[in-house]
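# Remarks on the overall topology
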Amino acid sequence: MYTAHPDRYAEMPYRRTGRSGLKLPALSLGLWHNFGPDRPVETQRAILRRAFDLGVTHFDLANNYGPPPGSAESALGDALRADFAAYRDELVISTKAGYLMWPGPYGEWGSRKYLLSSLDQSLSRMGLEYVDIFYSHRPDPDTPLEETMGALHTAVQQGKALYVGVSNYSAEQTREAARILAELGTPLLIHQPRYSMLDRRPETGGLLDTLDELKVGSIAYSPLEQGLLTGRYLDGIPEDSRAASDSPFLNSDAVTEELVGKLRTLHEIAGSRGQSLAQMALAWVLRQGRVTSALVGASSPRQLEDSVAAVGNLEFDADELARIDKIVKG
């Protein structure tokens, strides 16, 4: 039987999410990849146990995570029953709905019918009465935002979610979503954007400024840019890498000689900080406290440990930041 480490809260920083009372760990575990039936169950459970022992109290999912869709939530449900039943109140569990989940006109996007039925299915797969955060995973161009936000509000009113968030929304869409939710009486807690040293759109598009103004939290996904900001691609494309498989999230065409050169130089800066490239990339996202938490994936407990070690050095001096900007922006 699993017993959590008694010192699990000793090292991990926890950051307040916007103006709410909820604190998130600086690093959260995303179950986007590595939690489907193609992975050994014991490895999945070992990752989750090690995460919690290291103070990672937030597990992030979506209805379509796997593959196949739904399998990550089912895997977490099994782990919750086997290992974490006694620790539910120490965990923050989030899920989302917005991408294709089942056939027909009601299986994706942002209608009230889809969002609330999807949440019911997610709760059933995980064996939970509620999730801590329920997200609209993407804006729906054909559904009024009032309907989508109204569905999130209903989830809270029904006791099926404690907080609500949005993901992949622009700054303008986020501002309007926050306004609608405020009028309904359910504050917008958090936004989940894609953000990394190589993808600065939350900065350039004004999203981070908007979140600061609204006092809404943020949690960055793909802070390691699908593995590019690790040591895996310093010598090109490994045969067993995501890029080699031409994944829809990272293909071989993206790994150019120019990019590899930049990664090598960033790796040198990380070494001067006493960090791996991945650790520096995570620290960079978390710098200055503008991002509440960074989402990391893991294929093994050891990989997770390497990521969590990033919290040991989250500070950058002006020269380091300038050098990183010069490399990335060319």
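Our subject is the structure that appears above.
Note that the structure is predicted; figures quoted are calculated from it, not measured.

Our next topic: the overall build of the protein. Summing up its helical and strand segments, the protein has 11 helices and 10 strands in all. Along the first, second and third principal axes, the C-alpha set of the protein runs to 50 × 50 × 40 Å. Going through the 330 residues of the protein one by one, you find that 56% of them count as buried. Residue pairs in contact within the protein that sit at least 24 positions apart in sequence constitute 75% of those at least 6 positions apart. Computed over 34 positive and 43 negative side-chain charges, the inter-centroid distance for the protein is 2 Å.

We now examine the sheet that holds strand β4 (residues 58–60). Strands sit in the order β3-β4-β5-β6-β7-β8-β9-β10 around a closed barrel of eight strands; the barrel is parallel. Strand-to-strand, the axes of this sheet are offset by a mean angle of 30°, without reference to chain direction. Bridge count between strand β8 (residues 188–192) and strand β9 (residues 217–220): two bridges; the pairing is parallel. Along β9, the bridge assignment pairs histidine 191 with serine 218. Here helix α9 (residues 277–286) sits on the sheet in contact with β3 (27–30), β9 and β10 (293–296), set at roughly 150° to β10.

Time to look at the packing of helix α2 (residues 71–84) against helix α3 (residues 112–126). Any two packed helices are characterised by the angle at which their axes cross and by the distance between the axes. Between α2 and α3, the shortest axis-to-axis distance is 7 Å and the interhelical angle comes to 40°. Overall, the two elements α2 and α3 adopt an arrangement that is oblique. Contact residues: Glu73, Ser74, Leu76, Gly77, Leu80 and Arg81 in α2; Ser122, Arg125 and Met126 in α3. Residues belonging to the contact of α2 with α3 are distributed by class as follows: three nonpolar, three polar and three charged.

Moving on to the packing of helix α8 (residues 257–272) against helix α11 (residues 318–329). Here α8 crosses α11 at 170°, and the two axes come no closer than 10 Å. Our classification of the angle between α8 and α11 gives roughly antiparallel. Of α11, the residues touching α8 (which contributes Lys262, Thr265, Leu266 and Ile269) are Arg323, Ile324, Ile327 and Val328. Here the residues of the contact of α8 with α11 sort into five nonpolar, one polar and two charged.

When the charged atoms of two side chains with opposite charge come close together, those side chains can pair. Enumeration according to the criterion identifies 25 salt bridges in this entry. Between aspartate 38 and arginine 39 there is a salt bridge, with the nearest N and O atoms lying 3.9 Å from each other. The exposure class of arginine 39 is partly exposed, given its relative accessible area of 36%. Taking the shortest distance from any N to any O, the salt bridge between arginine 45 and glutamate 42 comes out at 3.8 Å. Here arginine 45 and its partner glutamate 42 are both found in helix α1 (residues 41–53), three residues apart, which amounts to about one turn of the helix. Its relative accessible area of 21% is what places arginine 45 among the partly exposed residues. Residue glutamate 42 is classed as partly exposed on the basis of its relative accessible area, which comes to 49%. Here the salt bridges share partners, and the residues they tie into one network are Glu42, Arg45, Arg49 and Asp83.

Once that is clear, we can look at the side chain of aspartate 140. Relative to the helices and strands, aspartate 140 resides in the loop between β6 (131–136) and α4 (145–157). Buried and unpaired, aspartate 140 has arginine 138 as its nearest opposite-charge partner, separated by 7.6 Å. Within the structure, aspartate 140 has its side chain in polar contact with the backbone nitrogen of aspartate 142 (distance 2.9 Å). Polar contacts involving the side chain of aspartate 140 include one to the side chain of threonine 143, which spans 2.6 Å. Apart from residues lying up to four places away in sequence, aspartate 140 is in contact with Trp109, Gly110 and Ser111.

Below, the discussion takes up the pairing of β8. Within β8, five of the five residues are buried, which leaves the element mostly enclosed by the surrounding structure. As paired strands, strand β7 (residues 161–167) and β8 are joined by four bridges and run parallel to one another. Among the inter-strand pairings, serine 167 is bridged to a residue of β8, identified as glutamine 192. Between β7 and its parallel partner β8, the chain crosses via helix α5 (residues 171–184), and the hand of that crossover is right-handed.

Looking now at unusual backbone geometry. In the segment running from glycine 66 into proline 67, the intervening peptide bond is cis, with an omega of 0°. Looking at the element boundaries, proline 67 is found in the loop between β4 and α2. Here the bond from proline 67 into proline 68 is cis, since omega is -5°, no more than 30 degrees from zero. With respect to the element layout, proline 68 can be found in the loop between β4 and α2. Within the chain, glutamine 288 stands out as a residue other than glycine whose phi angle is a positive 65°. Considering the arrangement of structural elements, one finds glutamine 288 in the loop between α9 and β10.

Analysis parameters
Residues numbered from 1 in each chain as written. Predicted model: local features only at pLDDT ≥ 70, side-chain atom pairs only at ≥ 80, totals over all residues. Heavy atoms only, no water. Helix = DSSP H or I, 4+ residues; strand = E, 2+ residues; numbered from the N terminus. Buried < 20%, exposed > 50% of the residue type's maximum accessible area, 1.4 Å probe, protein only. Contact = heavy atoms within 4.5 Å. Lys, Arg positive; Asp, Glu negative; His and termini not counted. Charge placed at Lys NZ, Arg CZ, Asp CG, Glu CD. Pairing = 2+ DSSP bridges. Axes fitted to C-alpha atoms, helices over the stretch in contact; angles between N-to-C directions. Parallel < 35°, antiparallel > 145°, perpendicular 65-115°, else oblique. Nonpolar A, V, L, I, M, F, W, Y, C, P; charged D, E, K, R; others polar. Salt bridge = Lys/Arg side-chain N within 4 Å of Asp/Glu carboxyl O. Polar contact = N/O pair within 3.5 Å; in protein donor to acceptor, adjacent residues only side chain to side chain. Right-handed = clockwise from strand over helix to strand, strands pointing away.

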